[in-house]
Amino acid sequence: MTEQQVRRSFVNCSKGEANSATLPRDLADLPWGELEVLGWRDPKAPLRGYLVVQREGRPVGVALRAADTRMSARRTVMCLLCQSTHSGDAVSLCTARRAGEAGRNGNTVGTYVCADLGCAARARSEIPPWLRERDPAEVGEERAAELRGQVETFLDAVLR
Ligand SMILES: [Zn+2]
């Protein structure tokens, strides 16, 4: 996928915002076949983040804004996309402006997500303790499929 394809894929931000996004450097080499969702935080705009998924062969991107308040590190919080649990400071409440007129009217959708948006790698690599007796590859596939489902649901809410 090219940089231009990714910039054009954003459904909920202006062209200017899409053009100012800092994109991952290794876009051309990403293993899209096993990447349910590409997520990253903008190194130049600390509260901004992005999710890009392949939908029907085309990328669909969502720009996110992380809450500027952090949750307590003493709390355990689950990422609602990949369902990994973290200390509260490693999870962010991220909101996405809704696409189109709803978004222009200030409508947003929010969810709790891994603060680094690294859900795709985590779904396959971080197997919760209660699933460790099972085949890790199989569990990884299941978690990846669940992540995909959660991301689709979130996307639908942004696009609705
Ligand atoms: Zn996550």
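What counts, and at which threshold
- By convention here, each chain's residues receive numbers from 1 onward along its written sequence.
- Given that the model is predicted, a residue must reach a pLDDT of at least 70 before its local features are reported, and side-chain atom pairs must reach 80 or more before they are shown or counted; all residues, however, enter totals for whole chains, interfaces and linings.
- Each side-chain value is worked out from all heavy atoms of the structure, with water and hydrogens disregarded.
- Cavity means a closed set of points on a 1 Å grid over the protein atoms alone, one where a 1.4 Å probe fits but cannot get out, pocket means an open set with protein on both sides within 12 Å along at least 5 of 7 lines, and lining means a residue has an atom within 4 Å of a point.
- Grid points are joined across faces, edges and corners, and a volume is the space filled by probe spheres set on the points.
- For the purposes of this entry, the term helix denotes a DSSP run of H or I that reaches at least four residues, the term strand denotes a run of E that reaches at least two, and both are numbered from the N terminus.
- Amino acid classes used here: Ala, Val, Leu, Ile, Met, Phe, Trp, Tyr, Cys and Pro are nonpolar; Asp, Glu, Lys and Arg are charged; the rest, including Gly, are polar.
- A pair of strands is labelled paired if DSSP reports no fewer than 2 bridges between them.
- Whenever a helix is involved, its axis is fitted only over the stretch in contact; in every case the axis is a line through C-alpha atoms, and angles between N-to-C directions fall within 0 to 180 degrees.
- Here, patches come from residues exposed beyond 30% relative accessible area and free of salt bridges, joined within 9 Å for like charges and within 5 Å for nonpolar side chains (Val, Leu, Ile, Met, Phe, Trp, Tyr).
- With residues, only the protein chains shown are counted as cover, and all accessible areas are computed by Shrake-Rupley using a 1.4 Å probe.
- Within this document, salt bridges are pairs made up of a side-chain nitrogen of Lys or Arg and a carboxyl oxygen of Asp or Glu, the two lying within 4 Å of each other.
- Only protein chains enter the area calculation, which uses a 1.4 Å probe; residues under 20% of their type maximum are buried, those over 50% are exposed, and those in between are partly exposed.
- By definition in these notes, contact holds between two residues if any of their heavy atoms fall within 4.5 Å.
- Any nitrogen, oxygen or sulfur atom within 2.8 Å of a metal ion counts as a donor, with the limit raised to 3.2 Å for Na, K and Ca, and since water is left out, coordination shells can look unfinished.
- Irregular is the default label, applied whenever a site is not tetrahedral (four donors, all angles between 85 and 135 degrees) and neither square planar nor octahedral (four or six donors, opposite donors over 155 degrees apart, all other angles between 65 and 115).

- As annotated in an unreviewed UniProt entry, the protein is FBP C-terminal treble-clef zinc-finger from Geodermatophilus amargosae.

### Focus on the layout of surface pockets
In step 1: Quantified by volume, the largest pocket comes out at close to 210 Å³.
In step 2: Taken together, 13 residues make up the lining of the largest pocket; nearest its centre are Glu17, Ala63, Leu64, Arg65 and Arg97.
In step 3: Elements with a minimum of two residues in the lining of the largest pocket: β2 (48–55), β3 (58–66) and β6 (91–97).
In step 4: Its residues assigned to classes, the lining of the largest pocket shows five nonpolar, four polar and four charged.

### A look at the sheet that holds β3
In step 1: Reading across from one edge, β1-β2-β3-β6-β7 is the order of the five strands in this open sheet, with antiparallel pairing throughout. The open sheet has two edge strands, β1 (38–41) and β7 (108–114), and neither has a second partner. Sheet twist, expressed as the average angle between the axes of neighbouring strands with direction ignored, equals 30°.
In step 2: Note: β2 against β3, eight bridges, orientation antiparallel. Its bridge partner lying in β3, Arg55 is registered against Arg58.

### So, a nonpolar patch on the surface
In step 1: Together, Met78, Leu80, Leu93 and Tyr112 give the surface a local cluster of nonpolar side chains, amounting to about 310 Å² of exposed area.
In step 2: Locating Leu80 in the fold gives a position in the loop between β4 (76–78) and β5 (85–87).
In step 3: Overall, Leu80 belongs to the partly exposed group, its relative accessible area being 39%.

### Quick look at the environment of Leu35
In step 1: You can see Leu35 is positioned in the loop between α2 (15–20) and β1.
In step 2: Between the C-alpha atoms of Leu35 and Ala121, which are 86 residues apart in sequence, the distance is 7.9 Å.
In step 3: Leaving out residues up to four positions away in the same chain, Leu35 has contacts with Leu30 and Ala120.

### Some details on the coordination of the zinc ion
In step 1: Protein-derived coordination of the zinc ion comes from Cys79 (SG), Cys82 (SG), Cys114 (SG) and Cys119 (SG), at a distance range of 2.2 to 2.3 Å.
In step 2: For the zinc ion, the four donor atoms in the first shell make angles of 102 to 117° at the metal, a pattern classed as tetrahedral.
In step 3: Here the donor residues for the zinc ion map to a single chain with the spacing C-x2-C-x31-C-x4-C.
In step 4: Residue classification places Cys79 among the buried residues on the basis of a relative accessible area of 0%.

### Things to note about the pattern of salt bridges
In step 1: A complete count under the given rule lists eleven salt bridges for this structure.
In step 2: As a salt-bridge pair, Glu3 and Arg7 come within 3.0 Å of each other at their nearest N and O atoms. One end of the pair is Glu3 and the other is Arg7, both in helix α1 (residues 3–9) and four residues apart, which spans about a single turn.
In step 3: Note on Arg7: relative accessible area 17%, which makes it buried.
In step 4: Among the charged side chains, a network of salt bridges with common partners joins Arg55, Arg148, Glu152 and Asp156.

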